[in-house]
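Listed below are the residues making up each chain.
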Amino acid sequence: MQRADAGELVRDLTATSADTARVIAPFTGDVLHELPLSSAQDVADATAAARVAQRSWWAAGFAHRRAVLLKAHDLMLERRELLLDAVQTETGKTRGQAFEEVFNSAGATRYNALAARRVLSGGARRAGIPLVLRTRVGYTPKGVVGVITPWNYPLSLAIMDIAPALAAGNGVVQKADNQGALSILAARRAFIDAGVPAALWGVVAGDGDTIGNAVVDAGDYVCFTGSTATGRKVAQRAAGRLIGASMELGGKNPMIVLDDVDPVKAAADAAYACFSAAGQLCVSMERIYVLRGVADRFIPAFAERVKSLKLGSAFDYTTDVGSLATAAQLARVTAHIDDAVGKGATVLAGGRARPDLGPYFVEPTVLTDVTSQMQCFAGETFGPLVAVTVVDSEDAAIDAANASDFGLNASVLSGSLSRGRRVAARLHAGSVNVNEGYRATFSSVDAPMGGVKQSGVGRRNGPEGLLRFVESRTIAEATGLLQLPRTGAEFAKLVPAMLLLLRILKAVRRR
Ligand code: NAD
């Protein structure tokens, strides 16, 4: 991506403060651009504009929104090279992993365009007293949704919240992370060119404590994706306003390798699941529990596979693992490696920074002998570091996998799908992949995605992801067939009939 493209894209930000942030391109360490930053007034202005635009967007109806969003889907695919360049330039990931973002964004846009009417049309429900009452449920959009997104998957994590919010008839004000703003603005252009009114989706940038807070304070609902620590603050702030919120937070995702796997295939699948986006993926694997029966074949195959991964910064499909995104990420990951090695962990692969490739490159690192004294044992590294532990049984693997404060994603590798499913059903996580690391669930946009325990509250994707963005309204009416009792005398007359009705309703199993 050229500087000229960046300069052109940032004009779409709502950002009038005099401040800028210097954004570094992770592949080179060069200044990518000076990102204009928003003020709290910009957030208020963007919200007010989105509020006005939302009225006609909602009034235009499902068919119009569906047509616009399907067009946005097509434009994203047409403009994929620009999107891939933007994602790679800002995050340092490989072309293949940037493509996963485009694939997922298109999938989420298509799904929500096509599913919104079915999920949100409302309709008749069982009335409390058949024939005497008639009951319907309808859904109305929340209004303006605040969306706060991180830098690691700037495109797909934004679209997985914004496409359903728009499909449900809302406006959006999004706070982009500084390191992901260009990717978001490039995708937003596709939506605007497809027919989304520009004011309907405002994008602001700036410091989390001021601009992030302003977004939470202005909207009618908030979607947050980021760390558990920040998510807790955002949830508390949203609770103070009594607005709803979905929280997509951190993980410490376990993979179980059962003893019936093909060790070479399992090693290749595990390597991708751990080191996609250099491990800077909320759903990538940081803990592997391998059954003793296969450990002496799986572990060497895994170490070999990881050593064979090609690191680099190419803007094509010739590399397997990219760079970390920022200097802060480099510091965090190297601190976890140094801490573990200093306390006795054994390095089976990687373990070193690679400044020869770029300022923030770190080798995919496989450790064994990781103990609870080490930072990477229970805390999220969010980088290319995985701890491999040998366990004696399936039960021991499940117990170890579940022994975490987090519960975002998990994976089971097995030679038998039914055995894999059985183990999957016992894992405490919002999503579990069998014979895949994360892509089986991540790409299944008709199914809910989210975390349990400290990994989040609420779900994106699927009908659940759409229903976040509406208020339900129940309208029930008296048909006039029978007057409900109002006085003691009327109750005395009707109570026996009403008791009989309750018994009949249960007998005929009417809900
Ligand atoms: P982060 O929490 O530091 O920042 C996320 C976003 O919140 C950024 O835009 C940031 O500017 C903003 N922010 C910071 N302070 C804020 C505040 N007080 N109020 C409002 N907004 C504020 O997270 P990060 O480092 O950008 O992302 C990495 C983390 O995100 C990891 O823990 C990862 O697991 C998690 N994550 C989770 C998912 C998921 O779907 N569950 C997806 C991606 C990343």
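Here's what I pulled together on the structure shown here. (Residues numbered from 1 in each chain as written. Predicted model: local features only at pLDDT ≥ 70, side-chain atom pairs only at ≥ 80, totals over all residues. Heavy atoms only, no water.)

## A short note on the overall build of the protein
Spelled out, the test is: Helical segments are the DSSP runs of H or I of at least four residues, strand segments are the runs of E of at least two, and each set is numbered from the N terminus. Throughout, exposure labels follow a simple rule: accessible area from a 1.4 Å probe, protein chains only, divided by the maximum for the residue type, with under 20% read as buried, over 50% as exposed, and the rest as partly exposed. Whether two residues touch is decided by their heavy atoms; if any such pair falls within 4.5 Å, the residues are in contact. By the counting rule applied here, Lys and Arg register as positive and Asp and Glu as negative, while His and the ends of each chain are not counted. Where a charge lies is defined by one atom per residue type, namely NZ (Lys), CZ (Arg), CG (Asp) and CD (Glu).
Along the protein, the regular secondary structure elements total 18 helices and 20 strands. Oriented by its inertia axes, the alpha-carbon framework of the protein measures out at about 85 × 60 × 40 Å. Residues classed as buried in the protein amount to 54% of the 511 residues present. Here the analysis covers contacts within the protein between residues at least 6 apart in sequence; of these, 73% occur between residues at least 24 apart. Counting 56 positive and 49 negative side-chain charges, the protein places the averaged centre of each group 11 Å from the other.

## Describing the sheet that holds strand β9 (residues 244-248)
We apply this condition: Two strands form a pair only when DSSP identifies at least two bridges running between them. In this analysis, axes come from line fits to C-alpha atoms, helices being fitted only over the stretch in contact, and the angle between any two N-to-C directions falls in the range 0 to 180 degrees.
The strand order across the open sheet built from six strands is β7-β6-β5-β8-β9-β19, with neighbouring strands paired in mixed fashion. Two strands lie at the open edges of the sheet, namely β7 (201-205) and β19 (456-457), each paired on one side alone. Bridge analysis of strand β8 (residues 221-225) against β9 gives five bridges, and the strand direction is parallel. Looking across to β9, one finds that Thr225 is bridged to Glu248. Packing of helix α2 (residues 40-59) onto the sheet brings it into contact with β5 (144-148), β6 (171-176) and β7, and relative to β6 it is tilted by some 155 degrees.

## Section: a nonpolar patch on the surface
Quick reminder of the rule: Here a patch means residues that are over 30% exposed by relative accessible area and free of salt bridges, tied together within 9 Å if like-charged and within 5 Å if nonpolar (Val, Leu, Ile, Met, Phe, Trp, Tyr). For accessible areas, the Shrake-Rupley method is used with a probe of radius 1.4 Å. Any residue's cover is judged against the shown protein chains and nothing else. By definition here, a salt bridge exists when the distance from a side-chain nitrogen of Lys or Arg to a carboxyl oxygen of Asp or Glu is within 4 Å.
On the surface, Phe491, Val495, Leu499 and Leu502 cluster together to form a nonpolar patch covering roughly 350 Å² of accessible area. Considering the arrangement of structural elements, one finds Leu499 in helix α18 (residues 488-507).

## So, unusual backbone geometry
Its identity is not glycine, yet Leu131 carries a phi of approximately 70 degrees, on the positive side. Even without being glycine, Asp369 reaches a positive phi, approximately 60 degrees.

## Some details on the pattern of salt bridges
Tallied over the entire structure, the rule returns 31 salt bridges. Of the charged contacts in the structure, one is a salt bridge between Glu34 and Arg22, with a shortest N-O distance of 2.7 Å. Separated by twelve residues along the polypeptide, Glu34 in strand β2 (residues 31-36) and Arg22 in strand β1 (residues 20-24) bring together distant segments of the chain. Looking at Glu34, the relative accessible area reads 34%, which means it is partly exposed. Since its relative accessible area comes to 57%, Arg22 is described here as exposed. Lys93 serves as the salt-bridge partner of Glu101, at 2.6 Å between the closest nitrogen and oxygen. If you follow the salt bridges from partner to partner, you end up with Glu8, Arg11, Asp12, Arg188 and Arg189 in one network.

## Topic: the nonpolar core
We apply this condition: In this text, buried Ala, Val, Leu, Ile, Met, Phe, Trp, Tyr and Cys residues form a nonpolar core when linked through side-chain atoms within 4.5 Å.
Ranked by size, the top nonpolar core spans 79 residues in total, and within it Leu13, Leu35, Leu166, Phe191, Trp201, Val283 and Leu466 carry the most contacts. At ten residues, helix α6 (residues 154-167) tops the list of elements feeding residues into this core. Other than its neighbours up to four places away in sequence, Leu166 contacts Trp57, Arg65, Leu69, Val172, Phe191, Val196, Leu200 and Trp201. In this structure, Ala273, Leu330, Val370 and Ala387 belong to the second largest nonpolar core, which totals 45 residues.

## Describing the sheet that holds strand β16 (residues 409-413)
Across the sheet, which stays open at both edges, the seven strands sit in the order β12-β13-β14-β11-β10-β16-β17 with mixed pairing between neighbours. In this open sheet, the two edge strands, each paired with only one partner strand, are β12 (346-349) and β17 (431-434). The average angle at which neighbouring strand axes cross in this sheet is 25 degrees, direction not considered. Here helix α11 (residues 292-308) sits on the sheet in contact with β10 (253-257), β11 (285-291), β12, β13 (365-368) and β14 (385-391), set at roughly 145 degrees to β11.

## Considering the site of the ligand
Applied cut-off: Proximity criterion: a residue is near a molecule or strand once any of its heavy atoms comes within 4 Å of it. Whenever two N or O atoms come within 3.5 Å, that pair is a polar contact, provided that in protein one can donate a hydrogen and the other can accept it, and provided that, for residues adjacent in sequence, both atoms are side-chain atoms.
The full set close to the ligand counts 27 residues, and Thr149, Gly226, Ser227, Leu249 and Glu380 are the nearest of them. Here Gly208 contributes a backbone N or O atom positioned 3.3 Å from a nitrogen atom of the ligand. At 3.2 Å, a side-chain N or O of Arg460 approaches an oxygen atom of the ligand. Look at the ligand: alone it shows 850 Å² of surface, and the protein chains cover 89% of it. Among the elements of the structure, α8 (208-218), β8 and α9 (228-241) are those that each provide at least two residues to the shell around the ligand. In terms of residue count, α8 provides more of the shell around the ligand than any other element does, four residues in total.

Distances and angles like these do not, on their own, reveal function.
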